[in-house]
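One-letter residues, chain by chain:
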Amino acid sequence: MPFTKFGLSEPILEGVKAMGYVDPTPIQLRAMPLIMEGKDVIGSAQTGTGKTAAFALPILSKLAQSSVATRVLILEPTRELAAQVETAIRDFARFTNLRVTVVFGGVGYGKQMDDLKRGIDIIVATPGRLLDHIERGTCKLDKVEYLILDEADRMLDMGFLPDVKRIVERCPAKRQTLLFSATVPPQIESLISWAMKNPETIEIGARRSPAENVKHVIYPVAEDQKSDLLRALLDQVNYESVIIFCRTKNRADRIAHLLKKNNHSVALLHSNRTQREREQALQGFREGKFEVLVATDIAARGLDIADVSHVINYDVPQHPEDYIHRIGRTGRAEATGDAFTLMVAEDSPHVAAIERFISQKISRIKLETFNYHYTALFEEGKPGQPQGHDRKVKGVRLSGGYYFGPAKRRKR
Ligand code: AMP
C-alpha cells in the first residue's frame with residue numbers, strides 16, 4: 001500500500017485503509033513527508049485535493065496515544081468545514097483512543113464545555129467561539145504542539161484574522177504550524193512570517209490542464225545562451241506585459257538587472273524584498289508603468305493580474321502543478337496569451353513530468369533569427385528520437401519536429 005512509505009502509525013494506516021484510500025493525492029505525497037519531519041508547511045491548495053488527510057494523517061500518527069491535553073488545534077473559517085474536518089479526523093483516528101471535538105458558534109455551549117472539561121486531544125474550531133471558550137476559561141491552549149490554520153484566505157475574507165492572531169498568541173511558541181490557503185494575499189503572508197518558522201511551501205493546482213486559450217511552447221536552448229535567448233524573445237515579441245518566472249531570488253535579481261540594462265522597464269517581486277517594494281512593483285506593473293515583472297513563484301502566488309500578454313518561464317518549474325499556475329496568468333478572460341518556457345538539457349525530467357501531468361506534449365520551437373549554440377535537446381524529434389510536440393503553433397515547420405516562432409505579433 002503506497003501510504004506505508006510515509007512512516008504513519010499502524011492504527012492510522014488501518015484508518016486509511018478503512019477509508020478506502022489507495023493512492024495518496026499529490027498534496028499528500030508532498031506534504032506528508034515534510035509534516036512527518038516536523039517542518040512548518042504552507043499548502044497552497046483547495047478543498048477537494050485531499051488536504052485534510054495530508055495534514056491529519058501525519059499529525060495523528062505523531063500523537064499516537066491520548067494524553068487528554070489539547071495537543072492539536074485546527075482552525076476553520078466556517079462551521080460546515082469545522083464539522084467536516086472533525087468527521088474526517090474521527091474516521092482516520094477510529095483505531096486509536098484519541099479524542100476529538102468540534103467547537104463552533106450558533107449552538108449551545110453545554111456539550112462543548114463538557115467535552116473540553118473531559119480532556120480533548122484534538123480541537124477543530126472556528127475562531128469566534130473558540131475565543132469565547134478561552135475567555136471563559138473552559139479551553140486552554142498551552143499544551144498545543146500542532147496548529148493548523150486551514151483555509152486561511154477564507155478566514156481573512158471573513159474578517160477572522162485578528163481573532164486568529166489572538167488564538168495563535170495563546171499557543172506555545174514551540175509548535176509545528178501548518179497553513180493551508182488557496183491563495184496567499186499579503187495579509188496571509190504577514191501571518192505566515194509572524195506565525196511560522198522557515199515554512200516549506202507546497203502548491204497544488206486544482207487544474208490539471210492549461211487554459212484552452214493559452215498557447216504554450218518550449219524553447220530548447222543551451223545553458224550559456226539562456227539570457228541571450230530571453231532578450232531576443234523580448235525583442236521579437238510585441239508583448240504588452242510579461243511576467244518572467246525564475247527559480248530563485250538570486251536569478252530573479254540577475255535577470256531583472258540584465259533587462260533593465262537593456263532598457264526594459266522592470267518590476268521585481270520576490271520574498272527578500274520589503275513589503276513596500278513588493279507593493280510598488282505590483283502596483284506599477286498593474287498600472288502599466290513596468291512592462292516586465294520578474295518574479296519567483298513564492299512571491300507571485302495567488303496574485304490576480306489581469307491582461308498579461310505573455311508569461312516566460314526563464315526556469316522550468318520544479319513541480320508540474322506550478323506550470324499550470326504560472327501559465328494561467330496569461331490567457332485570462334478574453335485575451336489569448338502566450339507562455340514560453342526556456343528549457344536546457346537538465347530540465348528534461350521536469351518537462352517530462354509536466355507533460356505527463358497535463359497529458360499533453362508541449363511544442364518545441366526555435367526563434368528564427370537567433371544564432372543557436374548546439375544542445376543535445378535539438379536531437380529530440382529527429383527520426384528515431386521521441387517527438388517533441390503535438391500542438392500546432394503558428395510558425396514554419398522544420399525538419400526535426402521544430403517550428404520557428406514566435407510568429408505572433410501584437411498591436412500595442
Ligand atoms: P479534502 O480536500 O481534504 O476535503 O478531501 C476531498 C475528498 O477526497 C474527501 O472526500 C476525502 O475523503 C477524499 N480523499 C482524500 N484523500 C484521498 C485519497 N488518497 N484517495 C481517495 N480519496 C481521498
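Residues numbered from 1 in each chain as written. Predicted model: local features only at pLDDT ≥ 70, side-chain atom pairs only at ≥ 80, totals over all residues. Heavy atoms only, no water.

Section: the pairing of strand β4 (residues 122–125)
- Residue alternation in β4 divides its side chains into two sets, I122 and V124 and I123 and A125, and both sets are buried.
- Pairing analysis gives 4 bridges linking strand β2 (residues 72–75) to β4, with the strands arranged parallel. Following the sheet pairing, L75 is matched in β4 by A125.
- Note that strand β3 (residues 100–103) and β4 share 4 bridges and pair parallel. Bridged to V103 within β4 is A125. (Buried < 20%, exposed > 50% of the residue type's maximum accessible area, 1.4 Å probe, protein only. Helix = DSSP H or I, 4+ residues; strand = E, 2+ residues; numbered from the N terminus. Pairing = 2+ DSSP bridges.)

Description of the packing of helix α2 (residues 26–37) against helix α3 (residues 51–63)
- Running from N to C, α2 and α3 cross one another at 30°; their axes reach a closest spacing of 9 Å. Put simply, α2 runs roughly parallel to α3. Both α2 and α3 take part in a crossing whose hand is right-handed. Side by side, α2 and α3 meet where I27, Q28, A31, M32, I35 and M36 of the first sit next to K51, A53, A54, F55, L57, P58, I59 and K62 of the second. (Axes fitted to C-alpha atoms, helices over the stretch in contact; angles between N-to-C directions. Parallel < 35°, antiparallel > 145°, perpendicular 65-115°, else oblique. Left-handed = near helix turned anticlockwise from the far one by under 90°. Contact = heavy atoms within 4.5 Å.)

Brief notes about the packing of helix α5 (residues 110–118) against helix α6 (residues 127–136)
- Close contact between α5 and α6 brings their axes to 12 Å; oriented N to C, the two are set at 60°. One element, α5, and the other, α6, form an angle in the oblique class. You can see that α5 and α6 cross each other, and the crossing is right-handed. In this structure, α5 uses Q112, M113 and L116 to contact α6, whose residues at the interface are R129, H133 and R136.
- Per-class residue counts for the contact of α5 with α6 are 2 nonpolar, 2 polar and 2 charged. (Nonpolar A, V, L, I, M, F, W, Y, C, P; charged D, E, K, R; others polar.)

A look at the confidence of the model for the protein
- Per-chain confidence: the protein averages 85 in pLDDT, with 84% of residues scoring 70 or above.
- In this model, residues 385–401 is a region of pLDDT below 50 whose contacts with residues beyond four sequence positions or in other chains number 49 contacts.
- In the model, residues 407–412 has pLDDT below 50 throughout and makes 19 contacts with residues more than four positions away in sequence or in other chains. (pLDDT = per-residue confidence, 0-100.)

Thoughts on the pattern of salt bridges
- Overall, the coordinates contain 20 salt bridges when judged by the stated rule.
- For K39, the salt bridge goes to E37, with nearest N and O atoms at 2.7 Å.
- The exposure class of K39 is partly exposed, given its relative accessible area of 29%.
- The partner of D115 in a salt bridge is K111, and the shortest N-O contact between them spans 2.8 Å. Residue D115 and its partner K111 are located together in helix α5, separated by 4 residues, close to a single helical turn.
- For D115, a relative accessible area of 8% gives the class buried.
- Given the relative accessible area of 59%, K111 is considered exposed.
- Through salt bridges that share partners, K226, R247, R251, D315 and D347 make up one connected network. (Salt bridge = Lys/Arg side-chain N within 4 Å of Asp/Glu carboxyl O.)

Examining the sheet that holds strand β6 (residues 176–180)
- In space, the 7 strands of this open sheet follow the order β3-β4-β2-β5-β6-β1-β7, with parallel pairing throughout. Sheet topology places β3 and β7 (200–203) at the edges, where each strand pairs with a single neighbour. Within the sheet, the average angular offset between the axes of one strand and its neighbour, ignoring direction, is 15°.
- As defined by bridge partners, strand β5 (residues 146–149) adjoins β6 across 4 bridges and the pair is classed as parallel. By the bridge assignment, L149 is partnered in β6 with L179.
- Together, β1 (41–44), β6 and β7 form the strand contacts of α2, whose direction differs from that of β7 by roughly 165°.

Quick notes on helix α4 (residues 79–92)
- Taking 1.5 Å per residue as the helical rise, α4 with its 14 residues ought to reach 20 Å, and the 20 Å between its terminal C-alpha atoms agrees with that figure.
- Looking only at α4, the buried set comprises L81, A82, V85, E86, A88, I89 and F92. For α4, the buried positions fall inside an angular range of 165° around the axis, keeping them on one side.
- Elements in contact with the buried residues of α4: α1 (10–19), α3, β2, β3, β4 and α7 (152–157). (Expected span 1.5 Å × (residues − 1). Arc of directions from axis to C-beta.)

Structural notes on the nonpolar core
- One finds F55, L57, L60, I74, I122 and I148 to be the most contacted residues of the largest nonpolar core, which totals 41 residues.
- Beyond its immediate sequence surroundings of up to four residues, F55 is in contact with I35, I74, V85, I148, D150, L178 and F180. (Core = buried A, V, L, I, M, F, W, Y, C linked by side-chain atoms within 4.5 Å.)

Examining the state of the cysteines
- Applying the stated rule across the entire model yields 0 disulfides.
- Take C171: it sits in no disulfide, and the sulfur closest to it among the cysteines is that of C139, at 9.1 Å. (Disulfide = S-S within 2.5 Å.)

Details of the packing of aromatic side chains
- One pass over the structure, following the stated rule, counts 7 aromatic pairs.
- Geometrically, the ring pair formed by F55 and F180 is tilted, given 5.3 Å between the ring centres and 40° between the ring planes. Here F180 lies in strand β6 and F55 lies in helix α3, a separation of 125 residues in the sequence.
- The buried category is assigned to F55, whose relative accessible area is 1%.
- Overall, F180 belongs to the buried group, its relative accessible area being 1%.
- Ring centres of F370 and Y372 lie 4.9 Å apart, and the angle between their planes is 80°; this geometry places the pair in the edge-to-face category. The residues F370 and Y372 share a single accessibility class, namely buried.
- Three or more aromatic residues joined by ring pairs make a cluster, and in this case those are F3, F6, Y21 and F92.
- Across from the ring centre of Y109, 3.8 Å away, lies the NZ or CZ of R136, which sits over that ring. (Phe/Tyr/Trp six-rings, centres within 6.5 Å; stacked < 30°, edge-to-face > 60°. Lys NZ or Arg CZ within 6 Å of the ring centre and 35° of its normal.)

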